[in-house]
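Analysis of the macromolecular model
Here's the letter readout for the chains.
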Amino acid sequence: MKLLSFILFITMMSCTGKFSAVFPRYCEFPANKNLSAKELSLDTALFRYPFRITIKDSFALIMDLHNANNYFHLFHYPKMNHIVSFGHRGDSPEDMLSAETFEFQSLDSIWTLDADKMQITRWKITNQNYLVTKEESINLDMRMIRALDFDRINSDFIIPDYLGENRFNRTDCTGNLLRSEGKIPSEQFIALNSSSALAQAWRSFIDYNPDNGVLAIVTQLGEVLEVYNMIDMTHKVIYGPNGEPDFEISDGNGIPTGIMGFSDVEVTDKYIYAVFHGLSFLEIAKQVRKGIKGQDGGKYIYVFSLTGEPVCCYTLDRYIYGIDVNEEKGIITAVDVNSDEPIVEFKI
Amino acid sequence: MSFFMSLNLSLKSQRFCYSPYFVNCIFESVNLFVKYYMMRKTLKKIMLVVIAATIISVINFENPKQFSSLTLNNIEALASGEGEPNIYCIGTGSIDCEGRKVLTKYNPLSLDYTE
């Protein structure tokens, strides 16, 4: 009987063609503003694909996604003098196979994620001679299969789910899986047991602000923002005009067919900032076929309230990936993979 | 099989050659000889066909057909089996594809990406 009802449900769903909207949508932002980039000159040419940036006090830490030697580079800020590079790329036990993201809390607390090794590492850099040491390596529970982003909540880790059965996983400080929570908020697809393709298409970037308990999740494809408030335990899903990630399934893989969505998110004390691209994969494929090297990155920074309401849209004169927001000084520092001067600032 | 049977019959008929039915015997022998001769012709044809087929197969074995790259790609895709994903990971970027970070990934069989 259950099977019959399930088949009937699936049939009805497929017959309706389009689903009615479940989650609220924003169409436009109440405020729009154009921002011009100011380049920060570097004293060295290090980068191939600068992907993430975080500034703490007088230091800027930048992660290069495709660097040939080291993934992480520490600079003096704002002079941008190179201090030290670490996270050597390689396949020896001490090396990193890949780097997905990092959390820079202080010089003795830099957390990096290696997805291929399924390992989170804490690095320490001495303030005197900037000696880099690996303080601890945490092997993540292999039941999660793959970890493409992480954040720290108290002493636990929160990691987006790669299997599609849940939205994210919580592990303890030793990497053991504690529990899996939430569901992928898709209006079109039902997450089945083998829905890793759905999870791949819904690959998301997360940021958690411990001061206000807000966890923001943005999708790399499509235009979906999720806001979890860990204090009052509320969850809100907001769809943008481009909707949820469009994809097709090929041999169990989620192949993007829609648009490139968000590439970074940051939760500050007042707002949620997210870098948005908006370029369609069809357009990207056309550029590849014609041998054109298009601008890679997002031209927009969307600002949302801590409850997910659209506040402002910044249109940039550069295409960027990662951001660091300083609301007190009114500065957004960003990384641009297309330029030889890859570190830029925007006054907001 | 019928050939050997007819041959046996012809031998039997030779034994009857000294019988009073001598004339009939001659006729029967001639008849069988004609049949045997006709079968030899059929046998020759069969042999010719077998030899021709052998020669053609040997020639084909020595000169394999040159496939186009597209055909080879299709063969590779078919031979890759069900476990191996049939996707292309293109360029340098941030999309996770087979453990690499690429600009885009797509299904080469998708109609959306064919011109």
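Everything numeric in this text was worked out from a predicted model, so none of it was measured.

Cut-offs used in this document
Residues numbered from 1 in each chain as written. Chains lettered and ligands numbered in written order. Predicted model: local features only at pLDDT ≥ 70, side-chain atom pairs only at ≥ 80, totals over all residues. Helix = DSSP H or I, 4+ residues; strand = E, 2+ residues; numbered from the N terminus. Contact = placed C-beta atoms within 7 Å. Core = buried A, V, L, I, M, F, W, Y, C linked by C-beta atoms within 7 Å. Buried ≥ 20, exposed ≤ 12 C-beta atoms within 10 Å, placed from the backbone. Arc of directions from axis to C-beta. pLDDT = per-residue confidence, 0-100. Nonpolar A, V, L, I, M, F, W, Y, C, P; charged D, E, K, R; others polar. Pairing = 2+ DSSP bridges. Axes fitted to C-alpha atoms, helices over the stretch in contact; angles between N-to-C directions.

With that out of the way, let us pick up the overall build of chain B. The helix and strand tally for chain B stands at 3 helices and 2 strands. Ordered by position in the sequence, the α and β elements of chain B form the string α-α-α-β-β. Of all intrachain contacts in chain B linking residues separated by at least 6 positions in sequence, the fraction that spans at least 24 positions is 11%.

Counting 89 residues, the largest nonpolar core has Ala216, Ala274, Ile301 and Val335 of chain A as the members making the most contacts within it. Setting aside anything within four residues of it in sequence, one finds Ala274 of chain A in contact with Val218, Leu225, Phe262, Asp264, Val265 and Tyr302 of chain A.

Residues and elements named next belong to chain A. Residue Pro78 is reached from Tyr77 by a cis peptide bond, and omega for that bond is 10°. Summarising the element assignment, Pro78 is placed in the loop between β5 (70–76) and β6 (82–88). In the Ramachandran plot, Ile145 falls in the positive-phi region, its phi being about 70° despite a non-glycine side chain. Tracing the chain through its elements places Ile145 in the loop between β10 (132–139) and β11 (151–153). The phi torsion at Asn154 lies on the positive side, around 55°, for a residue other than glycine. Note on placement: Asn154 falls in the loop between β11 and β12 (156–160).

Before going further, it helps to spend a moment on helix α3 (residues 281–290) of chain A. Among all positions of α3 of chain A, only Phe281, Ile284 and Ala285 of chain A are buried. End-on view of α3 of chain A: buried residues confined to an arc of 100°, all on one side of the axis. Buried residues in α3 of chain A make contact with β20 (253–256) of chain A together with β2 (100–106) of chain B. Within two residues after α3 of chain A, Gly291 of chain A carries a phi angle of roughly 75°, on the positive side.

Okay, the confidence of the model for chain A next. Residue-level pLDDT values for chain A average 92, and 93% of them are 70 or greater. Confidence drops under a pLDDT of 50 for residues 8–17 of chain A, and excluding neighbours within four residues, the segment shows 0 contacts in the predicted structure.

On the side of chain B, 19 residues touch chain A, which itself brings 21 residues to the contact. If you list the elements that add at least two residues to the side of chain A that touches chain B, you get β19 (247–250), β20 and α3 of chain A. Looking at which element gives the most residues to the side of chain A that touches chain B, the answer is α3 of chain A, with 5 residues. In terms of residue class, the side of chain A that touches chain B is built from 10 nonpolar, 6 polar and 5 charged.

What follows deals with the pairing of strand β1 (residues 88–97) of chain B. Relative to β2 of chain B, β1 of chain B is paired through 6 bridges, and the arrangement is antiparallel. The partner of Asp96 of chain B across the bridge, within β2 of chain B, is Lys101 of chain B.

Take the environment of Pro256 of chain A next. Relative to the helices and strands, Pro256 of chain A resides in strand β20. Spatially, the C-alpha atom of Pro256 of chain A lies 24 Å from that of Asp64 of chain A, the residues being 192 residues apart in sequence.

To continue, consider the sheet that holds strand β1 (residues 31–35) of chain A. Residues and elements named next belong to chain A. Taking strand neighbours across the sheet as the criterion, the 5 strands line up as β1-β24-β23-β22-β21 in an open arrangement whose pairing is mixed. Of all the strands in the sheet, the pair left with one neighbour each is β1 and β21 (262–267). Put simply, the sheet's adjacent strands are angled 20° from each other on average, direction ignored. Direction of pairing for β21 relative to strand β22 (residues 271–276): antiparallel, over a ladder of 5 bridges. Note on β22: the bridge partner recorded for Asp264 is Val275.

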